[in-house]
Amino acid sequence: FISEIEIFLNKNKDRNIKVVVSCRTNIFEKYWAKIAEFNYFYLDTLTDKQINNILKKRINIQLNYSDLQKYKSYIENPFNLDLFCRFYESEARFPETQQETWDLFIENELRKLNKEKFIKNSEIDIPHIKNCLEKIAFTNELMQQNFIHEDDLLGLIGKEDKPNIEKNSFIDRLPKSP
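Residues numbered from 1 in each chain as written. Predicted model: local features only at pLDDT ≥ 70, side-chain atom pairs only at ≥ 80, totals over all residues. Heavy atoms only, no water.

Caption draft 1: Structural view of the packing of helix H3 (residues 48-59) against helix H5 (residues 78-91). In the contact formed by H3 and H5, the axes pass within 11 Å of each other and the chain directions differ by 35°. H3 and H5 meet at a crossing whose hand is right-handed. Packed against H3, whose contacting residues are Ile 51, Ile 54, Leu 55, Arg 58 and Ile 59, the element H5 presents Leu 81, Asp 82, Cys 85, Arg 86, Tyr 88 and Glu 89 at the interface. A per-class count over the contact of H3 with H5 returns 7 nonpolar, no polar and 4 charged. (Axes fitted to C-alpha atoms, helices over the stretch in contact; angles between N-to-C directions. Helix = DSSP H or I, 4+ residues; strand = E, 2+ residues; numbered from the N terminus. Left-handed = near helix turned anticlockwise from the far one by under 90°. Contact = heavy atoms within 4.5 Å. Nonpolar A, V, L, I, M, F, W, Y, C, P; charged D, E, K, R; others polar.)

Caption draft 2: Inspection of the packing of H3 against helix H4 (residues 65-75) at higher detail. Running from N to C, H3 and H4 point in directions that differ by 85°, and their axes come no closer than 11 Å. Between H3 and H4, the interaxial angle falls into the category roughly perpendicular. Taking contact as the criterion, the partners of Asp 48, Ile 51 and Asn 52 in H3 are, on H4, Leu 68, Gln 69, Lys 72 and Ile 75. Of the residues assigned to the contact of H3 with H4, the class counts are 3 nonpolar, 2 polar and 2 charged. (Parallel < 35°, antiparallel > 145°, perpendicular 65-115°, else oblique.)

Caption draft 3: Broad picture of H4. Of the residues making up H4, those classed as buried are Leu 68, Tyr 71, Lys 72, Tyr 74 and Ile 75. The arc that holds every buried residue of H4, seen down its axis, measures 165°, which confines them to one face. Between a side-chain oxygen at the N-terminus of H4 and the backbone nitrogen of Ser 66 the separation is 3.1 Å; the capping residue is Asn 64. (Buried < 20%, exposed > 50% of the residue type's maximum accessible area, 1.4 Å probe, protein only. Arc of directions from axis to C-beta. Polar contact = N/O pair within 3.5 Å; in protein donor to acceptor, adjacent residues only side chain to side chain.)

Caption draft 4: Quick peek at the packing of aromatic side chains. Across all of its chains, the model carries 9 aromatic pairs by this definition. Between Tyr 71 and Phe 94, the ring centres sit 5.2 Å apart and the planes meet at 55°, which makes this aromatic pair tilted. Of this pair, Tyr 71 sits in helix H4 while Phe 94 sits in the loop between H5 and helix H6 (98-117), and the two are 23 residues apart along the sequence. By relative accessible area, which is 8% here, Phe 94 ends up buried. Taken together, a centroid distance of 6.2 Å and an interplanar angle of 20° make the contact between Tyr 74 and Phe 84 stacked. Here the residue Tyr 74 occupies a position in helix H4, and Phe 84 occupies one in helix H5, the gap between them amounting to 10 residues. Through successive ring pairs, a cluster of aromatic residues spans Tyr 71, Tyr 74, Phe 84, Tyr 88, Phe 94, Trp 102 and Phe 105. (Phe/Tyr/Trp six-rings, centres within 6.5 Å; stacked < 30°, edge-to-face > 60°.)

This is the structure:
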C-alpha cells in the first residue's frame, strides 16, 4: 500500500496532490514513519471539557473530575465516547469494570461486522466468536505477532469455526494469501 502511494505521488509530482492517511499509531510507526517528505499530524484526544460538552448534549450529564479520570482512557476517543453514551442511554449508567468496557467495545465491533458480512444470516453466536478471538489474540500475544498463518488458525480453532472467524472477526486475510 505504501509503495503504491509513493509510486502514485512520484508519477503525479506536477499535480501537487495532497494525500491524507488516517491510521492507528502502531501502523504509523511501523510503516508510514519511513516515507520521505511526508508531513505527520496527530489528532489530539478529546479534552475533559469537550467530553463533558458532548455528554451534556447527548445524555444530559457531566462527569466530575474523578469520573473523568476513571473513564478517560476509554472516552477520550469520539467513537468510544459515542458507544459509552449509547450504553448509558440503555443502562442508565456507564460500564463499571474494565471487563464490562472491553466487552462493550468487542461486542459493538462484532455487531457491526455481522451487519456488514453476515447480511443473509439472521443470528451469529457472538459469545462463541469472542471465545475464538480470545484464543487467537492470546496466542498472538504469546508469540509476539499480529498475524496468524492459516494452518495455525485451523489448528487453534478447528475446521468448523475457521470460515466464521475469517468472515466475522478482526482478522483480515492478506490480499496475496490463498
